[in-house]
Each structure stands twice: as structure tokens, then as C-alpha cells.
Amino acid sequence: MLASCLSQVSDGILLANSENTILMVNQAFCTLFGLGQPLAHWIGQPAELMKAQLFASTPDAHTLGQLLRGAAPRAPH
């Protein structure tokens, strides 16, 4: 039921346990960060694997870091 609810949310959501294993991720998260794999690919994977892929494929690592921490990225000067 939780997965069904999260799939309807337009915000990107990723849930991981205390061992940093991905428990759930919604399509909005994958779309936001350009992850091409199906959602099922990420379930059970270490969050570090996704983080490494995100940093490898994002030219602006600082902005990505802000997004992953939940901070709004700053506009360029």
C-alpha cells in the first residue's frame, strides 16, 4: 500500500534502511535524477551504488549533493 501511495507522489522519494539498502524508490526520483533502470533494479541495492551512478552522470556534483540532502540548489550568479 505504501508503494502505491509513493508512486502517486510527484516529489522524488527514496527510502533506505539503517544499513543503507534501498527499500523503495519512486518513478519521480528516477526521472528527476535521470536514472534509466527500472525501479525494481534499485530495490535491495546499496544506496552507495545509486549515489556513485548519480555523481558519475551529473556534471554539477555540488548541486546534486544539495538535492540529495534536500536543500534547494542555488541559482547561478
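Draft legend 1. Summary view of helix H4 (residues 47–57). Within H4, burial applies to Ala47, Met50 and Leu54. Down the axis, H4 shows its buried residues gathered within 65° of arc, on one side only.

Draft legend 2. Expanded view of the nonpolar core. Judged by nonpolar contacts, Ile22, Val25, Phe29, Cys30, Phe33, Leu35, Trp42, Ala47, Met50 and Leu54 together constitute the single largest core of 10 residues. Here this core takes three residues from H4, the largest share from any one element. Not counting residues up to four positions away in its chain, the partners in contact with Leu35 are Phe29, Cys30, Trp42, Met50, Gln53 and Leu54.

Draft legend 3. The packing of aromatic side chains, seen in detail. In the structure shown here, the tally under the stated rule is one aromatic pair. Ring geometry for Phe29 against Phe33: centres 4.7 Å apart, planes inclined by 50°, an arrangement best described as tilted. Just as Phe29 is buried, Phe33 falls in that class too.

Draft legend 4. Fine view of a nonpolar patch on the surface. Together, Leu2, Leu15 and Leu23 make up a nonpolar patch on the protein surface, roughly 260 Å² of accessible area in all. Among the secondary structure elements, Leu15 is positioned in strand E1 (residues 14–16). The partly exposed category is assigned to Leu15, whose relative accessible area is 32%.

Cut-offs applied
- Residues numbered from 1 in each chain as written.
- Predicted model: local features only at pLDDT ≥ 70, side-chain atom pairs only at ≥ 80, totals over all residues.
- Heavy atoms only, no water.
- Buried < 20%, exposed > 50% of the residue type's maximum accessible area, 1.4 Å probe, protein only.
- Helix = DSSP H or I, 4+ residues; strand = E, 2+ residues; numbered from the N terminus.
- Arc of directions from axis to C-beta.
- Core = buried A, V, L, I, M, F, W, Y, C linked by side-chain atoms within 4.5 Å.
- Contact = heavy atoms within 4.5 Å.
- Phe/Tyr/Trp six-rings, centres within 6.5 Å; stacked < 30°, edge-to-face > 60°.
- Patch = residues over 30% accessible without salt bridge, like charges linked within 9 Å, V, L, I, M, F, W, Y side chains within 5 Å.
- Areas by Shrake-Rupley, 256 points an atom, 1.4 Å probe, with all protein chains shown as cover.
- Salt bridge = Lys/Arg side-chain N within 4 Å of Asp/Glu carboxyl O.

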